[in-house]
Structures are given as structure tokens and as C-alpha cells.
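Analysis of the macromolecular model
Read off the chains here:
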Amino acid sequence: MNALVPLPVLLPLCVTGIKLAIGPRLHRLQRFISLAVLGAVLVLSVLLMIAADRHGPLSVHLGDFAPPVGITLVADRLAGLMLTVSSAVTLLVLVYSLGQGMADRDDQAPVGVFHPAYLILVAGVSCTFLAGDLVNLYVGFEIMLVASFVLLTIGGTATRIRAGSTYVIISLFSSVLFLIAIAMTYAVAGTVNFAQLAQRLQEVPLGVRTLLEAMLLTVFAIKAAVFPLAAWLPDSYPTAPAPVTAVFAGLLTKVGVYSMLRTETLLFPGHRLGDLLLLAALASMLVGILGAVAQTDLKRVLSFTLISHIGYMVFGIALAARGSLSGAIVYVAHHITVQTTLFLVAGLIERRDGTTELTRLGGLAKAAPLLAVLFFVPAMNLAGIPPLSGFIGKLGLMRAGIEAGGSWAWALVAGSAATSLLTLYVMAKVWNLAFWRDAPPGAEEEGVVLESAEDDEPGDDEEGKAAGPGGGTGPGRDTGTGSGLPVPAGAVVAAGFLGQSITTTKRLPWPMLAATGAAVALGLSYTVLGGPLTTFTQAAATELLARTPYIEAVLGR
């Protein structure tokens, strides 16, 4: 079974090379290959999760070189669960993207650019979850960075390039800081292998150990969009195509959370920065949700709720108890799925009505009842309405906070309750504006073209003014054609994969609906399987705190 551990990383990378060799030809074969590979990765992830639960952590030293020289990959309960959830979500998003690409007639972008970059992203995520040392954790981050920049800037529109540039600058800064932390760790411990570091860091002077912990936490907090290191996220994610935004929002930030979970429990047990993490968790919850309250664009609303709910996961990590870690793991799995689903729904709304600006939406509950259901269920799940999985995770975290006691823990319990109520308010606001009320006057009609977000070209002004409603301009939107009409605060200009114009339709593509429905069902499955899921995460938390099973699986003693 150990031989299966590297495959979630190797399969997508190898197939990416094959797909690049084929090029943008043989579209059906290309799509089938992508679906088959991600399906195989999902099966492998489930097998690894089951094996880790039954037999303990699995490890493999590539090339049969022992630590600290060799590359070590480890699959324990936590890694297996994260692999399974991420593989399921990335597979569903791929199906969604196929529907969007076929609807837009994007024969070049999804196959020639999107699919290879997407598979590389999946490989990077898998590498991060399985990494058994700091260097390979860094490599996983960099693989994700390269792929994510391509995905963010597909089409080359000005808005996407600006957003992608901000994302890359922030990511490069965190990468440099990560490299410095790795170098310092190797200098003081003589290794970067997690299992060896778990033993050797206890002998390092306390001040040096605290500095290393602070540097690594800063790196991972940037990746996870923990306040105050989250300002880049709301402007970076909403400009990308809907499938890209969905997988980024649902998955990439959780890679940072996973890294915090792994290093805080394995390398820095009894960490001295717990109060600082509690403060960051509380600030993320409150600032993020208050930012969501102030937004009028659905994508930006969801971006700010993403920042807010990262605070719940950091809350669990900061308490560092069995119950809190179990609740944090449940909430990570829940949030990956629910946040992805909500962004997929936002893409469907944009496809149908030409905008995600809430002031220009209305009547969707009557006009598109299926779409209303697809939004309502994950929205209530995000808000933590019983008995959904969001409630299960929040209840576990709040119980752990009460058991821990102390002023900070009680402040986080109160902050968690307030954030949950404000999340419900935000979701109710979106429901009332976009679904429940009647459609406002001047709402977009079927066939409206959504222009790309390119900068104005000389001579475009008159053409944009003449375009009128059929050309995609309208009250409150400047689509980049030079119409001169104002864009509402927080509005996001929409376009297809290549950044070109796309046409709205009241009849949504069935692959997009099917993938979104399956994502909703996946989120509900956490509720149906709440008992086994909680038992599994408690065992994972116990394993994380014990550390010995991980160390023995890697070092053999």
C-alpha cells in the first residue's frame, strides 16, 4: 500500500506532459483523459485514507534514500482526508469547467491551457498534503503558484492580469520568507524532515524555536488568508473564471490551514504563540464577516466570508486540544466543499443573468427554482444551521473553547457565535436580493453579451455607446468597451475562459448544473455521515497530538 502514496502527485504531472504533447487537438480525448486521471486520484485518495485509518501512517522514501537525504511522502489520517475531499472537489469543478467551456465554444483555452494548468495545480495540492519535509512542502506551494498564476490570468484581460500580479507578488514574498525559514531550520537542526525535526527541535533554544514558529506561521497565514494578511484575496479571486475562483476559494487557502495544523502539532507542541493565533482567529472572523456585510457583489461577499471562516479553523489550531483539532479538521473538510459550491452557484447566476451584482438581480427563486435550491442549501450550511455539517464543526470548536476556559477562549466562543449569526444575515441578504424579491427594472435579458475586461482601446468609445443593451452595457456596468457607464462598488466584470464575450442563457448547461448539484450532495453527505466523520477526525486529532505514530512510520523506530 505504501507504493500508492506518490501516485496522487505523479499521475497528474505525467498526464500533463502527455496532454501538452497532444496539444489542443482531439478535444474529446483530452477531456476524457482529464476526467479519468482525477477520478483515479480520487480512488487512490480514498484507498490511502482507509489504509491510514486501519494501519496507521503510510510513508515512502523516493529512491530509497533515507532521511534527511531522501524525499519523504507520508499519508496519515489527516493527509488522507484532505486528499479525498480535495480530489472530489477538483473532479466536480473539472466537470463544471467542461460545461462552461463547451457553452462558450472555448475549444482552445480549456483544453490547451486550462486542463494542463489545472492538473499541475492538483499535483501541487497533493504534494503539499503528502509532504514529509519542509522542502517538499515548499515545492508543493511553488507548483501551485505556477499553475494558479496561469489559471488566474487565462484570457489575458487587464483585470485578470492586475489581480494575478497582486497574487503573485504576495505569493513570492511568502515563498522567500519560507525559504529563509527553511534555511534557518536546517542550520539549527541539520534536517528539514518533519519526523526528525519533531525530535531535534525540542533541543533548540526556546527563542530560536519561537522565531522559527513565527516565521512559518506567517508564511502559512499568508497562504490561508488569515487577517491581517488577507487583503490580497477579495481582489484576486473574483476576477477569474468561475471554475478557477471556486477551486481557489475552496481549496488553496485550506492548504495553508493544513500546513499550520501539521507544523503546530508535529514540530511545535505546546506552542508559545497560542494567544497570538487566538487573536488572529478572532480578527479574521469579525473583520471578514463585516466586510461581507458591506459588499453588494456576490463573489466579493463570498470572498470576505472565506476570510471570516478561516478564523474558525485557526481557532481550533490555537487551542491545540483533541476536541478543537477534531472540530478544525471537520470544518476544513466542510468549508472546502461548501465554499466551492457557493462559488459554482455564483458562476451559474452570472451565466444566467449576466452579473453577480446583487442590486441588479432578483426573482431567481421563481424564475430558476433549481438554482435557488442549489444556493440555499450550501448557504445555510455555511451559516451553521443545525443539523448541517457547518453546525457540527462549529459546535465542536465552541465546546472545545468552553472546555479550555480563559478569557481568550471565551472571547473566541462569543466571536464564533456572532460570526455565525452575521453569516446567516449575509446569506439572508443575498437570498432576499437575488432570489426572493422581484427582478428590478432593467434587468438583463437572455442573450446579453458580457464583454471582456480589457482596457479601453482608442476609438472604442463611440462603439461602446452604440452597443446598447444588446452589447452588454447597461446601468451600472462598464464592461471595458469605453461606454463610460459607472461600475457599482465591488462589481466584477465577467467573461469566459479566454476573456472574450460570452452570451447569457436562461437554460444553463447541464454539466454545470450536475457538478454543482453533486457538490451540494457532497456537502450534505458530511451531515449524513456526521458520526463516522467525527470519529475519524477525533482519531486524526489524537494521532496528531501523539506524534509518535508519524515519527515511527517515517524513521522506523
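Residues numbered from 1 in each chain as written. Predicted model: local features only at pLDDT ≥ 70, side-chain atom pairs only at ≥ 80, totals over all residues. Heavy atoms only, no water.

This next bit is on helix H13 (residues 322-353). Here H13 contains 32 residues, and its C-alpha end-to-end distance of 46 Å stays within 8% of the 46 Å for a straight helix at 1.5 Å per residue. In terms of burial, H13 is a largely internal element, 30 of the 32 residues being buried. Remark: Gly354 follows H13 within two positions and exhibits a positive phi of approximately 80 degrees. (Helix = DSSP H or I, 4+ residues; strand = E, 2+ residues; numbered from the N terminus. Expected span 1.5 Å × (residues − 1). Buried < 20%, exposed > 50% of the residue type's maximum accessible area, 1.4 Å probe, protein only.)

All right, on to a nonpolar patch on the surface then. Together, Met1, Val43 and Leu47 give the surface a local cluster of nonpolar side chains, amounting to about 280 Å² of exposed area. For Leu47, the position within the fold is in helix H2 (residues 27-55). (Patch = residues over 30% accessible without salt bridge, like charges linked within 9 Å, V, L, I, M, F, W, Y side chains within 5 Å. Areas by Shrake-Rupley, 256 points an atom, 1.4 Å probe, with all protein chains shown as cover. Salt bridge = Lys/Arg side-chain N within 4 Å of Asp/Glu carboxyl O.)

Per the counting criterion, the structure on display carries 12 aromatic pairs. Each ring, one from Phe178 and one from Phe220, has its centre 5.6 Å from the other, and the planes form 80 degrees; the classification is edge-to-face. Placement of Phe178 in helix H6 (residues 158-189) and of Phe220 in helix H8 (residues 206-224) is noted, with a sequence separation of 42 residues between them. Note on accessibility: Phe178 and Phe220 belong to one class, buried. Measuring from ring centre to ring centre gives 5.1 Å for Tyr312 and Tyr331, while their planes differ by 35 degrees; the resulting arrangement is tilted. (Phe/Tyr/Trp six-rings, centres within 6.5 Å; stacked < 30°, edge-to-face > 60°.)

In total, this model carries five salt bridges according to the counting rule given. Of the charged contacts, one joins Asp53 and Arg77 as a salt bridge, the two residues approaching to 2.8 Å between their closest N and O atoms. Of this pair, Asp53 sits in helix H2 while Arg77 sits in helix H3 (residues 77-104), placing them 24 residues apart in sequence. A relative accessible area of 15% means that Arg77 is categorised as buried.

Let's shift gears to the side chain of Ser59. Its place among the elements puts Ser59 in strand E1 (residues 58-62). A distance of 2.6 Å separates a polar atom in the side chain of Ser59 from the backbone oxygen of Ala553. Apart from the residues within four sequence positions on either side, Ser59 is in contact with Asn2, Leu73, Val74, Ala553 and Val554. (Polar contact = N/O pair within 3.5 Å; in protein donor to acceptor, adjacent residues only side chain to side chain. Contact = heavy atoms within 4.5 Å.)

Further remarks concern the pairing of strand E2 (residues 71-75). Each regular strand shows side chains that alternate between the opposite faces of the sheet. Most of E2 is tucked away: four of the five residues are buried. For E1 and E2, the ladder comprises five bridges, and the chain directions are antiparallel. What sits directly across from Val60, in E2, is Leu73. (Pairing = 2+ DSSP bridges.)

Moving on to the packing of H13 against helix H15 (residues 369-383). It is the contact of H13 with H15, at a shortest axis distance of 9 Å, that shows an interaxial angle of 150 degrees. Taken as axis vectors, H13 and H15 run roughly antiparallel relative to one another. Classified by chirality, the crossing of H15 by H13 is left-handed. Taken together, the residues of H15 that come into contact with H13 (itself represented by Tyr331, His334, His335, Val338, Gln339, Thr341, Leu342, Val345, Leu348, Ile349 and Arg352) are Leu371, Leu374, Phe375, Pro378, Ala379, Asn381 and Leu382. Taken together, the residues of the contact of H13 with H15 sort by class into 12 nonpolar, five polar and one charged. (Axes fitted to C-alpha atoms, helices over the stretch in contact; angles between N-to-C directions. Parallel < 35°, antiparallel > 145°, perpendicular 65-115°, else oblique. Left-handed = near helix turned anticlockwise from the far one by under 90°. Nonpolar A, V, L, I, M, F, W, Y, C, P; charged D, E, K, R; others polar.)

Okay, the environment of Ala292 next. Here Ala292 is to be found in helix H11 (residues 274-293). Given a relative accessible area of 0%, Ala292 falls into the buried group. Apart from the residues within four sequence positions on either side, Ala292 is in contact with Val301, Phe304, Thr305 and Val426.

This part takes up unusual backbone geometry. With omega at 10 degrees, the peptide bond leading from Phe227 into Pro228 counts as cis. The amide bond that connects Pro386 to the next residue, Pro387, takes the cis arrangement and shows omega of 0 degrees. Turning to its location among the elements, Pro387 is positioned in the loop between H15 and helix H16 (389-404). You will see that Ala225, though not glycine, has its phi angle at about 60 degrees, which is positive. A positive phi is found at Ala320, a non-glycine position, where the angle reads about 55 degrees. Structurally, Ala320 is set in the loop between helix H12 (298-319) and H13.

It is worth spelling out the environment of Met427 at this point. Within the element layout of this structure, Met427 appears in helix H17 (residues 407-436). Measuring from C-alpha to C-alpha, the distance between Met427 and Met380 comes to 7.5 Å, with 47 residues separating the pair along the chain. Discounting chain neighbours no more than four positions away, the residues touching Met427 are Val301, Leu302, Thr305, Phe375, Ala379, Met380 and Leu382.

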